[in-house]
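# Descriptive analysis of the structure
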Amino acid sequence: MSGALKLIAQRIALGLLLLLLVSILIFSGTQILPGDVAQSILGQSATPENLANLRAELGLEKPAYIRYFEWLAGLMRGDLGTALTSGVPISEAIAVRLENTLFLGAFAAAVSVPLAITLGLVSVRFRNRWPDKMISASTLASISLPEFFIGYLLILFFGVKLGWFPSVATVYEGMSFADRINTTVLPALTLTLVVLAHMMRMTRAAILNVMQSAYIETAELKGLGSFKIIWRHALPNAIAPIVNVVMLNMAYLIVGVVVVEVIFVYPGMGQYLVDHVSKRDVPVVQACGLIFAAIFIGLNLLADVISILSNPRLRHPK
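The sections below set out a description of the structure shown in this document. (Residues numbered from 1 in each chain as written. Predicted model: local features only at pLDDT ≥ 70, side-chain atom pairs only at ≥ 80, totals over all residues. Heavy atoms only, no water.)

## As for the overall build of the chain
Each helix and strand in the chain was counted, giving 16 helices and zero strands. The proportion of buried residues among the 318 residues of the chain is 40%. Across the chain, contacts joining residues at least 24 apart in sequence account for 73% of those joining residues at least 6 apart. For the chain, the computed accessible surface area is about 17000 Å², with 66% contributed by carbon and sulfur atoms. (Helix = DSSP H or I, 4+ residues; strand = E, 2+ residues; numbered from the N terminus. Buried < 20%, exposed > 50% of the residue type's maximum accessible area, 1.4 Å probe, protein only. Contact = heavy atoms within 4.5 Å. Areas by Shrake-Rupley, 256 points an atom, 1.4 Å probe, with all protein chains shown as cover.)

Pasting the structure below:
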């Protein structure tokens, strides 16, 4: 197990280093934006004295590297800063938004991951036959359409014409679980259709690669059924690439929800980020960008750890 633990420790160290580099990029990117933050907050009618006072209050007179280290020190203490437009601590304002985004991502993952694996297994079982071709064609069609187009189509048919689900995904504190599920069906279905094809096709390719192995031929010679061979022998040995692609798509479900949340006016992190980008609220943009990066890096790190632990040669070195 020592080899696996060493690799896991290396992955964690690299993940932390990557997060540090991303924080530098996020801070640098927000600092080089054109325009003056103080001017955008106070407006064109602000006097030079008011602008100077606000810049001093925001610390804009300090060198960029000093402001970065102060921001990083605050992050280490759990302080994300204060929103310029509202004066509210970002950690308080962002907590509910992050919870909503995680709920939406978990809802979409709970539907898309089992469905993608099941469709991948069915495609392998009926390879080159009509079920395989129908599944491949439908999933490729869904992945070829952009998120906003899928979202508007779902709103048109299921929200406007059929009236099954609300077109605006408004959730609030104290809302019952059933009502929350009903409200988020359309954005969750949009995300599911976007990520389904990638996971399904990777599941299919990974299992087909394993099906060429000698032990699969031995199982066939023993008279085992094709689906039992796929489920009991091929799938467990193809789990590593499947886990990787599932984690990548789960990261997208959390990080890539900006467009979907804006379409359905869903009160999550993506909508919060877009609202404050338009207001040029730099601390909020920095905090949202870093949280998205941390989630993406964390899920990829988890995929690496699972892949390492699923490799028997690393778990049981000679």
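After presenting the structure, the write-up continues.
## Structural notes on the environment of Gly29
Looking at where Gly29 falls in the secondary structure, it is placed in helix H1 (residues 2–31). We classify Gly29 as partly exposed; its relative accessible area is 30%. Between the alpha carbons of Gly29 and Gln286 there is a distance of 9.2 Å; along the sequence they are 257 residues apart.

## Looking at helix H4 (residues 64–76)
With 13 residues, H4 ought to run about 18 Å at 1.5 Å a step, and its terminal C-alpha atoms sit 18 Å apart, in line with that. Taken residue by residue, H4 has Arg67, Tyr68, Trp71, Leu72, Gly74 and Leu75 as its buried positions. For H4, the arc enclosing every buried residue in end-on projection is 160 degrees, short of the 170-degree limit, so these residues lie on one face. The outward face of H4, more than 90 degrees from its buried face, is lined by the exposed residues Tyr65, Phe69 and Met76. Among the residues trailing H4, Gly78 stands out with phi positive, at a value near 85 degrees. (Expected span 1.5 Å × (residues − 1). Arc of directions from axis to C-beta.)

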